[in-house]
Amino acid sequence: MSEAPKTTPARHTTPRPIRVPDPLWNAYGRICERLDTDRTGDLLDHMRSRVREHGNDQDLADLEAAERELAERRSRKGGRPPRSRA
């Protein structure tokens, strides 16, 4: 399923609802907590990895644009809080 490119940049990231059984979502949340991350960060890392591994030139360019967008958003909001390491 392809989405048409936006003509103007959004002022926030777009929520992407997915259907996941509650037991899987709960287990995944506990695992992410044990790994000192959250579901969003872990899913983003997985998506980046898949694009780097399987992406064509357009996919890699989109990944680069997305990383710039995220960096710019974080700079406006004071950045992502540092991870606490136990």
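Note that this is a predicted model, so its numbers are computed, not measured. (Residues numbered from 1 in each chain as written. Predicted model: local features only at pLDDT ≥ 70, side-chain atom pairs only at ≥ 80, totals over all residues. Heavy atoms only, no water.)

What follows concerns the overall build of the chain. Looking only at helices and strands, the chain has three helices and zero strands in total. For the chain, the α and β elements follow one another from N to C terminus as α-α-α. Taken across its 86 residues, the chain has 10% of its residues classed as buried. Put simply, of all contacts in the chain between residues at least 6 apart along the chain, 33% involve residues at least 24 apart. Of the roughly 7,900 Å² that the chain leaves accessible, carbon and sulfur atoms contribute 54%. (Helix = DSSP H or I, 4+ residues; strand = E, 2+ residues; numbered from the N terminus. Buried < 20%, exposed > 50% of the residue type's maximum accessible area, 1.4 Å probe, protein only. Contact = heavy atoms within 4.5 Å. Areas by Shrake-Rupley, 256 points an atom, 1.4 Å probe, with all protein chains shown as cover.)

Counted according to the given criterion, the structure contains five salt bridges. In this structure, R48 and E67 form a salt bridge, with 2.4 Å as the shortest nitrogen-oxygen distance. Of this pair, R48 sits in helix α2 (residues 39–54) while E67 sits in helix α3 (residues 57–76), and the two are 19 residues apart along the sequence. With a shortest N-O distance of 3.9 Å, E67 and R52 are connected by a salt bridge. With E67 in helix α3 and R52 in helix α2, this pair connects stretches of sequence that are 15 residues apart. It is possible to trace a salt-bridge network through shared partners that takes in D45, R48, R52 and E67. (Salt bridge = Lys/Arg side-chain N within 4 Å of Asp/Glu carboxyl O.)

On to helix α1 (residues 22–34). An α-helix turns once every 3.6 residues. As a result, residues three or four positions apart point the same way. With 13 residues, α1 should cover 18 Å at 1.5 Å per step; its first-to-last C-alpha distance of 18 Å lies within 8% of that length. All of the buried residues in α1 are Y28, G29 and C32. Buried positions in α1, seen along its axis, are confined to an arc of 105 degrees and lie on one side of it. Turned more than 90 degrees away from the buried face of α1, the exposed residues are P23, E33 and R34. One or two positions beyond α1, positive phi appears at D36, with a value near 60 degrees. (Expected span 1.5 Å × (residues − 1). Arc of directions from axis to C-beta.)

What follows covers the confidence of the model for the chain. Here the chain averages 86 in pLDDT, and 76% of its residues register 70 or above. Per-element averaging of pLDDT across the chain places α3 at the bottom with 91 and α1 at the top with 98. (pLDDT = per-residue confidence, 0-100.)

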